[in-house]
Structure formats: C-alpha cells, structure tokens
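Listed below are the residues making up each chain.
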Amino acid sequence: MTSPASSSEVKYLIESSEGNTFDVSGAALRQSNTFNAMFLNIGADGPIPFTDYNEATLKKVFEYCEHSVNEENYSGPKHQDDLSKWDLNFFNEMDQKMFIDVINASNFLDIERLTSYCCERIARMLRGKNTQEMIKVITLPTAEELEAKQKVEEKKAAAAKKVAEKAAETAEKTETLEELPVQQLVQTTRNKLTRKYLSFSNE
Amino acid sequence: MSALPILELPILVLMKILRIIDVETVIPISLCSRKMYHLVKTFRDKSDTLRLKIDGIDLRVQLATPDGNYHEVEVVAGTSETAEWVKIDGHLVPIDRSRKHHGWNTYWDDKVKGMQSIMEYLSDLLSK
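These numbers come from a predicted model, not from an experiment. (Residues numbered from 1 in each chain as written. Chains lettered and ligands numbered in written order. Predicted model: local features only at pLDDT ≥ 70, side-chain atom pairs only at ≥ 80, totals over all residues. Heavy atoms only, no water.)

Caption draft 1: Highlighting the sheet that holds strand E2 (residues 21-25) of chain A. Residues and elements named next belong to chain A. In space, the three strands of this open sheet follow the order E2-E1-E3, with mixed pairing throughout. Strands at the two margins of the open sheet, each flanked by one partner only, are E2 and strand E3 (48-49). Across two bridges, the pairing between strand E1 (residues 11-15) and E3 is parallel. Counterpart to Glu 15 in the pairing with E3 is Pro 49. Against the sheet, helix H3 (residues 55-67) makes contact with E1 and E2, and its axis sits at roughly 15° relative to E2, the strand it touches most. (Pairing = 2+ DSSP bridges. Helix = DSSP H or I, 4+ residues; strand = E, 2+ residues; numbered from the N terminus. Contact = heavy atoms within 4.5 Å. Axes fitted to C-alpha atoms, helices over the stretch in contact; angles between N-to-C directions.)

Caption draft 2: Broad picture of helix H2 (residues 23-30) of chain B. Counting buried positions along H2 of chain B gives seven out of eight residues, so the element sits mostly inside the fold. If you check which residues of H2 of chain B are buried, you get Val 23, Thr 25, Val 26, Ile 27, Pro 28, Ile 29 and Ser 30 of chain B. (Buried < 20%, exposed > 50% of the residue type's maximum accessible area, 1.4 Å probe, protein only.)

Caption draft 3: Layout of H3 of chain A. Relative to the 18 Å expected for 13 residues at 1.5 Å per residue, H3 of chain A spans 18 Å between its end C-alpha atoms, a close match to the ideal helical length. On the buried face of H3 of chain A, the contacting elements are E1, E2, helix H1 (26-29), helix H4 (85-92), helix H5 (96-109) and helix H6 (112-126) of chain A. (Expected span 1.5 Å × (residues − 1).)

Caption draft 4: Layout of the packing of helix H3 (residues 34-43) of chain B against helix H4 (residues 111-125) of chain B. Residues and elements named next belong to chain B. For the pair H3 and H4, the least separation of the axes is 9 Å and the interaxial angle reads 55°. Classified by the angle their axes make, H3 and H4 are oblique. Residues Tyr 37, Val 40 and Lys 41 of H3 form the contact with H4, whose own contacting residues are Tyr 121, Asp 124 and Leu 125. Looking at the contact of H3 with H4 residue by residue, the classes come out as four nonpolar, no polar and two charged. (Parallel < 35°, antiparallel > 145°, perpendicular 65-115°, else oblique. Nonpolar A, V, L, I, M, F, W, Y, C, P; charged D, E, K, R; others polar.)

Caption draft 5: Local environment of the packing of aromatic side chains. For the coordinates displayed, the defined rule picks out ten aromatic pairs over all chains. With 6.2 Å between their ring centres and 85° between their planes, Tyr 64 of chain A and Tyr 117 of chain A make a pair best called edge-to-face. Of this pair, Tyr 64 of chain A sits in helix H3 while Tyr 117 of chain A is found in helix H6, placing the two residues 53 residues apart along the sequence. Of the two residues, Tyr 64 of chain A and Tyr 117 of chain A, both sit in the buried class. Note on Tyr 37 of chain B and Tyr 121 of chain B: the rings are 5.2 Å apart at their centroids and 45° apart in plane angle, and the pair reads as tilted. (Phe/Tyr/Trp six-rings, centres within 6.5 Å; stacked < 30°, edge-to-face > 60°.)

Caption draft 6: Quick peek at the UniProt feature "domain: F-box" (unreviewed entry) in chain B. Cross-referencing UniProt, the feature "domain: F-box" (unreviewed entry) maps to residues 3-54 of chain B in the present numbering. The distance from the first to the last C-alpha atom of residues 3-54 of chain B is 36 Å, and the span holds 54% helix and 8% strand. (UniProt positions renumbered as here; feature names shortened; annotations may be inferred.)

Caption draft 7: Inspection of the environment of Glu 66 of chain A at higher detail. Among the secondary structure elements, Glu 66 of chain A is positioned in helix H3. At 3.1 Å, the side chain of Glu 66 of chain A and the side chain of Ser 25 of chain A are in polar contact. (Polar contact = N/O pair within 3.5 Å; in protein donor to acceptor, adjacent residues only side chain to side chain.)

Caption draft 8: Broad picture of the interface of chain B and chain A. Taken together, the contact between chain B and chain A spans 28 residues of the former and 31 residues of the latter. Summing the contributions of chain B and of chain A, the shared interface buries around 2600 Å²; its carbon and sulfur component is 71%. In this assembly, chain B and chain A are joined by one salt bridge. With its nearest N and O atoms 3.3 Å apart, the salt bridge here joins Asp 22 of chain B to Arg 127 of chain A. Across the chain B-chain A interface, the total number found is seven residue pairs in polar contact (both at pLDDT 80 or more). Of all the elements in the fold, those that place two or more residues in the side of chain B that touches chain A are helix H1 (11-20), H2 and strand E4 (84-88) of chain B. Tallying contributions element by element places H1 of chain B first for the side of chain B that touches chain A, with five residues. Its residues assigned to classes, the side of chain B that touches chain A comprises 21 nonpolar, three polar and four charged. (Buried area = accessible area lost by both parts, 1.4 Å probe. Salt bridge = Lys/Arg side-chain N within 4 Å of Asp/Glu carboxyl O.)

In structure tokens:
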C-alpha cells in the first residue's frame, strides 16, 4: 500500500480530519512537494495523516492531481482563459467555503499548479471592480463597521475600568479592616451592637 | 462565489495573489484599507518597471507599463454624486472610473493639493 517505489501503480492511504481513509495514486501524490519532502524516499507505514483538512477537501485536491498527472510539467501560472473545460468545471462546481479549503490544503500540500490557478482565479474576481466592490468581495470591515467596533471596544474598556476601580476600592476597605488590631475591632463591633440595641429599646 | 476573505488566507497565497494582480487592480485594492495598502506595496509584482508620467497642465498622473498600456489618475475640480469616497494620502476624496480614458477620476476642492497628494500616494505605493 505504501512503499517508496516510484511506480504510478502504488497507492497511498490518506487520512482526513474525520479519521476516514482513502486511496490516492503515487503519481497524483507526487505533485505535492510536501509529500515528496516527507514520504517519497522513506515511504509510509500506515495512512498518511493530513488531519487538518476534511475528506471532501482532500478528495477534491487529489481529484485535481489525478486529472493533471498526464499534463506536461508545470511552467508558471496559466491564464484563466487557457484553462480546459475540465479545469473550469472543477472550479465552478465549488462553493466559496470549499474553494477556500482547497486553497488552504493546496498551499499546505504545496501543489504549485493548483495553488497558482486558485490565485489566478481570485485575481480575476478582483479585476474591474472599484474599491467598495472589492471591500465587499474580500469582506473587509467598512468605515462604519470599524467605528461601531471601536465604540463597543471603548464601552468594554470603560466597563472594565469601572470594575477594576470597584475591586480596588473593596480591597482597600478589606485592608483597613485587616489592619485594625483585634481588640479595637471587637470594641467597634460591640459599640455598633449596643447602639442598635438602644435604638430597638427606644422604639 | 461572492465573498472571499483573502486576508484570512495563508500569507504565501496572499503574496501570490498580490503578485498576479494587474496595475488596473493595484490602485483600487490599495485603497481598501491601510493594511491592504501596505500588503500591495510590499508584495505586488515589481519585475516590470512602471513609469509615472506627471502632466502638470491637465493635472493627471499616468502609469505606463512596459507593454505600452497606461492607466491615468486625473485630478478634477468639484465633486461627483455617483463616486465612491476613499482616503488618499490622508484626504477623503470621491473617486470614480473615468469614461474618457483608461483610469480613474479623483475630485478635489484644491486641484493643486489633489495633484500633490495623488503623486505622493502613487509614487509611494509603486516605489520598489
């Protein structure tokens, strides 16, 4: 299952974050520079753990690798217009979350071709947009949102300051009580109780 | 695919994206936030030399690429109702895409001050 042989027949077991395992061909895996650096020469005894990524993401990434096994060696980013129909379908059928997961996994696995295509796709999404549209696309907080956030933070800081002041005040009081000699404390309490008793008797 | 939080992507991926974007995209994306400005300034593709042509008569700055394309940022007096507001060199100014030429129009009360601010902004953003 997992030997250092370079034959494309060799299958490797990959383990996802869910703990599930699935087969990937050696030829597909060799497109990952991370895999090459870690396992190619020494092999792996069991499933290779890529447990930061879920099964769907890893399968999608290796689906791309399997497809591009027979393509010529990668020579720099290809323009989006030059992508094949299969490549376009591959990207189009992904939702936003999956796309981000695929970029992250592809970056970790260091699959240069896939990472470059993903980056090119993002650059293309930004092309022709004005600043406000870009802020929406890259989900940066707007000036109003930043202002609201700052106000909330100021309120939180003020509340925290109040709590700290109150705590300091209480600590000061406790310290004064602790500093009183025991006899004096007993006398003070006795006086207080006598005063209370007298006020009750008067009533 | 509508929203894409690129600032949450790994820095290597973000660097690749910023290296790919063209001059036309560099200006509006740098205006998104201070953080984005510094990221664009640091990671944009600096292999091609951009030439900054300053036209003091028509009050515009031209960004010329080695392949002969150019993008203009023009300084216009007054304001525009349809333009979006961005911060350039500390000034909040309206900006919109020019219909006359390939580039942007910026609207200023003081055109001379506007020209100076645009020059400073672009020369700092595009310096190597």
